[in-house]
Amino acid sequence: MPAVTETRETVEKLAKSSYEWGFETDIEMDIAPKGLNEETVRLISERKGEPQWMLDWRLKAFRAWLEMEEPTWAHIHHPPIDYQDAHYFAQPKKKPGPKSLDEVDPELLKTYAKLGIPLHEQALLAGVEGAEERLPVAVDAVFDSVSVATTFRKTLAEAGVIFCPISDAIREHPELVQKYLGTVVPVADNFFAALNSAVFTDGSFVYIPEGVRCPMELSTYFRINARNTGQFERTLIIAEDRATVSYLEGCTAPQRDENQLHAAVVELVAMEDASIKYSTVQNWYPGDDEGRGGIYNFVTKRGICRGARSKISWTQVETGSAITWKYPSCVLAGEGSVGEFYSVAVTNNHQQADTGTKMIHLAPNTRSTIIAKTISAGHSDSTYRGLVRMQPKARNARNFTQCDSLLIGDQCGAHTVPYIESRNMTARVEHEATTSKISEDQLFYCRSRGLSEEDAVGLIVNGFCREVLKELPMEFAVEAQKLLQISLEGSVG
Amino acid sequence: MTQNAAPALEAFVARAAGHGAALAETGLPTRRVEAWRYTPLRSIADTAWQKPAPLTAETTTALLDRLVLPETGARVVYGNGQFMDALSALPEVVRQASENVSPLKGLFSATLNTALGERGLDVRVPAGTDAGLLTLVSLSDGQDVSTHLQHRIVLEDGASLTLYDISTGEGRYIANPRFDIVVGKGATLRHVKVQRESLTGTHLAIVSADVAEKGEYDSFTLNQGSGLARHEAVVTLGAPHAMAHVNGVQIVDGQRLNDLTSMIHHAAPDGSSRQTVKTVLSDAGQGVFQGKILVDRVAQKTDGYQMNQALLLSEKAQINSKPELEIYADDVKCSHGATVGALDDEQLFYLRSRGIAEADARDMLVRAFLIDALDLVSDEGLRDLLLRSMTS
Amino acid sequence: MSDFLKIQGLQARIDADGTPKDILKGLDLEVPKGEIHAIMGPNGSGKSTLSYVLAGRDDYEVTGGSATFKGQDLLALEPEERAALGLFLAFQSPVELPGVNNANFLRTAVNAVRRARGEAELDAVAFLKAVRAETKHLSMSDDMLKRAVNVGFSGGEKKRNEVLQMRLLQPSFAILDETDSGLDIDALRIVAEGVNSLRSPDFSALVITHHQRLLDYIVPDRVHVMAHGRIIHSGGPDIAKTLEKQGYTQFLEAAA
Ligand SMILES: Nc1ncnc2c1ncn2[C@@H]1O[C@H](COP(=O)(O)OP(=O)(O)OP(=O)(O)O)[C@@H](O)[C@H]1O
Ligand SMILES: [Mg+2]
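Given the structure is predicted, the values throughout are model-derived calculations rather than measurements. (Residues numbered from 1 in each chain as written. Chains lettered and ligands numbered in written order. Predicted model: local features only at pLDDT ≥ 70, side-chain atom pairs only at ≥ 80, totals over all residues. Heavy atoms only, no water.)

### Let's talk about the nonpolar core
We apply this condition: Residues belong to a common nonpolar core when they are buried Ala, Val, Leu, Ile, Met, Phe, Trp, Tyr or Cys residues joined through side-chain atoms within 4.5 Å. Three exposure classes are used, based on accessible area relative to the maximum for each residue type with a 1.4 Å probe and protein chains only: buried under 20%, partly exposed in between, and exposed over 50%. Here, residues are in contact when the closest pair of their heavy atoms is within 4.5 Å.
Of all hydrophobic cores here, the largest spans 116 residues; its most connected members are A:Ile375, A:Val461, C:Ile7, C:Leu50, C:Phe105 and C:Phe173. Setting aside anything within four residues of it in sequence, one finds A:Val461 in contact with A:Ile375, A:Leu406, A:Ile408, A:Ile438, A:Leu484 and A:Leu488. Judged by nonpolar contacts, the second largest core, of 59 residues, contains A:Ile420, B:Val295, B:Ala310 and B:Val340.

Next up, the structure:
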């Protein structure tokens, strides 16, 4: 798998400074004026050439949003967000499709190069013809919430898989989008989901038909580039009966002094015996050492296991963002369905993370596993917040939860807030949580074998996160390990 | 967010005369108040709760007869919020309170108690003295009445006391006691509580304990009565090497809701806390456990452990549990565990295969489940009383 | 080159729950290049403390004296710098590293040390070859490379893992802190061979042990008796035999 190795090598080379991805790309953009009102919503819908039903859906969400208040229960603090002081639409100016790499906007290429996407992969991303066969991962690149390139569409189409920007799906597969959009995360589910529903500009759409095992990993790179823009992408993944898919999500943003808002929504639907694996390596710009700038990341991710024996597995490695607010959840509605949540959240400097999951067991014999590893360093604060609910029909349902927190330094905080609710006597819930500091004995042992303190910390932290990292696809696991180490740079000594 | 228009609140504020401002402002918490999400106070909202009439001698005797009380030690009895001289033998270290307890902000049970407070016990155990066992009996009787006793217990340096705190009643009432506890350096307070209020009663207890260097607050709460009961403890380990035990057992049947909520605040280095709470639920009983361990930045070398387990014995029973760690110091060892489930079928089968009838086998296993927590009561005599109380 | 490892008047203490406790109380010791010395001494006399202080564990506060290694002030170096310089400590009780794959750990350490010594890093293939040769030699199963470092290892397996690290890191000075305890007879011989085969004019070792038996296999050039934080007696290999028969009493009395 040359691409895997190459991506890894590129990432390894890149992984040197504290935020290597913090460059800005100078690309001609088509930007809507600042502010958020019904006109903004209409403008987005119009620019995207959406049908009336989509506009109506957005407006419904927008009106609901106006009535809602920003949630305050999370363990995070930030100055009030001025929702009128941002652009809600920014799109790279469209040019006719390039014929070779030479014709691709060189700035765009530079961006991909810096992102650690190998050259032939870059060619693919840039839409160069005939470059497809060499890549095992299909990539959708989303730039300021607008999909700029999706690779492998043809190969995938032959297998019956639809993988495209959601804005294309709205036009090309309206019946599918209409059937599923908002069924897992309703438009008025929460403040940020309502906002996303009103103004989302793009994202990925995946449809795996009955009985199809998606022939390759699907991957999306998100990047916020334009200044003062909110990023609101929307992802919808549907796996029909006995379908299987593994989806990877990665992201970056440039270094800026001001905070930028990111409010994405991801919906997953798994039918009978279907399986969806969703992996995220979140590396939005975390702000500088003093806590200036960084992304406010308010994300709603939820999957429903509709069919019997279906499975949804979330794996996340959260290293970026000034604020992370996200709870990838599973609604286990199908008998015997399985939900999993594997999470590593690392915060350093002045980062704040409040993240966890909800496992809602509605049906008999459902199973869920939660493994959450929290690492706090610097002046940061990190919270695991999770809900396990056994509803009356969840006979013989099972949950196992393990939350471990590691503190590095005495100016940070680590918190664990689990909610356990059971209404079925045959359901069983087990929860364990620990908090400790990184062991001096372990550090000394490693250093006496020649490892530098930072490498020793990296090694021990990676060991601490092993159970989660091993859930990641190989390529991501390597990147994630590097990121862990980079994120903790300067946290010891 | 709150039920400000509720008749209950109006009645409370009126009774509080000049002292009801804080209460009027906070109102009765609804489910949307995080601390009360699992314990709604709807059932008390529509009643204009009044001050009760004094307890008659007849009722007093009847209520006392129900209780399993220790035969030794001093005893103090309160009936409908009033000190019952004839039934009480005040040991030297104990007197009727003359001062108000210190206010405790932001906790509804405390706010209510502060607004309507009635003078309760004032115990001061002199330095280096072991005051032995003190039994505090609180009896209630009436229709739509409420009492709000304020007890203050101070253990000077090196002192010790065992407080057996038991309450019961008849009718529809609210018992809202407050314990303001100060544990001095190297002092030990063992606080064993038995809550057996009436099935139509509401029990909203609030304990605040400040523990000094090498002091120990060692508590055990048996929640086994009341239509709705919350025992809430706020323990502050404010000096090095202080220690807290906040253990408990809840036995919830019928339509009742029992709630054990605690906050253990490590505010100084080298403190340790231990907590084991077990809840057994049958019928349509609802159990709530909320336990927070808060470790301040200065509280290095804190050692905190918490375990809460619930056993569901019926289809309609439910448990809501929220163990919580909030930690700002790095050199700590804190952990919690929680389990929820039914009796283990395999264990049950094992017992039955040895010839034990199913019902007996179940009883054995339930008992075994609870005994774990009960064993944490260090006073053997009280442990026996609790066991008798639990099975009666 | 008599000042290969040179310790003079070394004093160190530990913070024992708030009160400082002096453990090393003016210790003198020299181990010339190419020699193997043994230290014996009663439990609690400070042998492990000495090895930790030499390896750079910062729980211990050095309150006096000096230690130089290859002419450098050892006490001023970070633990990893000491490792790069060629110092290796086989721990009396090696710590567990949950989740840290043993092979990966070994490779990271080997390459960190090689980098610091200006040697080329080993690629995965070369490294595995080197490791396999050693594990075979130490009769360790491959399984132990795949497991997390020391996690769930038996006492003897942990010791073998220490020796494996020593062999791979190629130190010029090894301190073996009771590496023989917990080993079965065959393992004892294997470990001793592991040390003996490193013997060269450029390799020295300090072997801490309670048992004469190890010294039958690794014959030391000198034996030191340690008590109360000091070397109270030094002599030839026969001291060990005397100790084995008569215990520490005579040395303790002579020193008192
Ligand atoms: N962290 C510590 N806190 C308190 N005392 C300590 C600590 N570490 C070591 N000591 C004490 O220092 C003394 C020397 O310990 P050390 O481990 O160096 O002895 P040793 O000679 O290696 O003993 P053994 O033969 O049993 O391995 C002992 O009394 C020990 O209890
Ligand atoms: Mg030792």
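### Some remarks on the sheet that holds strand E11 (residues 222-227) of chain C
Residue and element names in this part refer to chain C. Just so we agree on the cut-off: Following DSSP output, two strands are said to pair if at least two bridges run between them. Here a helix means four or more residues in a row that DSSP labels H or I, a strand means two or more in a row labelled E, and each is numbered from the N terminus. Each axis is a line fitted through C-alpha atoms, taken for helices only over the stretch in contact, and angles between the N-to-C directions span 0 to 180 degrees.
On the basis of which strands lie adjacent, the open sheet formed by six strands has the order E6-E9-E10-E3-E11-E12 and mixed pairing. Among the strands making up the open sheet, the edge pair consists of strand E6 (87-90) and strand E12 (230-235). With strand direction ignored, the average angle separating the axes of adjacent strands in the sheet is 20°. Strand direction decides the pairing type here: strand E9 (residues 173-177) and strand E10 (residues 204-208), joined by five bridges, are parallel.

### Some remarks on the packing of helix H6 (residues 155-169) of chain C against helix H7 (residues 185-196) of chain C
All names here are of chain C. For clarity, the cut-off: Each angle gets one of four labels, with under 35 degrees taken as roughly parallel, over 145 as roughly antiparallel, 65 to 115 as roughly perpendicular, and the rest as oblique. Helix crossings are classified by the rotation of the near helix relative to the far one: an anticlockwise turn of less than a right angle makes the crossing left-handed, while a clockwise turn makes it right-handed. Residues were grouped as follows: Ala, Val, Leu, Ile, Met, Phe, Trp, Tyr, Cys and Pro as nonpolar; Asp, Glu, Lys and Arg as charged; and all remaining residues, including Gly, as polar.
As a packed pair, H6 and H7 sit with axes 10 Å apart at the nearest point and diverge in direction by 15°. One finds that H6 runs roughly parallel with respect to H7. The chirality of how H6 crosses H7 is left-handed. Seen from H6, the contacting residues are Arg160, Val163, Met166 and Arg167; seen from H7, they are Ala187, Val191, Gly194 and Val195. Partitioning the contact of H6 with H7 into residue classes produces five nonpolar, one polar and two charged.

### A look at the coordination of the magnesium ion (ligand 2)
Under perfect tetrahedral coordination by four donors, a metal shows angles of 109.5 degrees; under perfect octahedral coordination by six donors, it shows angles of 90 or 180 degrees. Residues and elements named next belong to chain C. Heads up, the rule is: Atoms are scored as donors when they are N, O or S and lie within 2.8 Å of the metal, with 3.2 Å used for Na, K and Ca; no water is included, so coordination may look incomplete.
Every protein donor of the magnesium ion (ligand 2) is accounted for by Ser48 (OG) and Gln92 (OE1), and the metal-donor separations fall at 2.0 to 2.1 Å. Separated by 44 residues along the polypeptide, serine 48 in helix H1 (residues 47-55) and glutamine 92 in the loop between E6 and strand E7 (97-101) bring together distant segments of the chain. The exposure class assigned to glutamine 92 is partly exposed, which follows from its relative accessible area of 29%.

### Things to note about the confidence of the model for chain B
Going by this rule: Each residue carries a pLDDT value, the predictor's own confidence for that position, ranging from 0 to 100.
In this model, chain B carries an average pLDDT of 92, and 97% of its residues clear a pLDDT of 70 or more. Interface scoring of the predicted complex returns ipTM 0.91; its pTM is 0.85.

### Points about the side chain of A:His87
All names here are of chain A. Our working definition: The term polar contact refers here to a pair of N or O atoms within 3.5 Å; inside protein, the definition further demands a hydrogen-donor-capable atom paired with an acceptor-capable atom, and it admits residues adjacent in sequence only when both atoms are side-chain atoms.
Among the structural elements, histidine 87 can be located in the loop between helix H3 (52-66) and strand E2 (90-92). Overall, histidine 87 belongs to the buried group, its relative accessible area being 15%. Among the polar contacts listed, one links the side chain of histidine 87 to the backbone nitrogen of lysine 34, at a separation of 3.4 Å.

### As for H1(C)
Residue and element names in this part refer to chain C. Counting buried positions over the nine residues of H1 gives nine, a clear majority of the element. Listing the buried residues of H1 in full gives Lys47, Ser48, Thr49, Leu50, Ser51, Tyr52, Val53, Leu54 and Ala55. Following H1 by one or two positions, glycine 56 has its phi on the positive side, about 100°.

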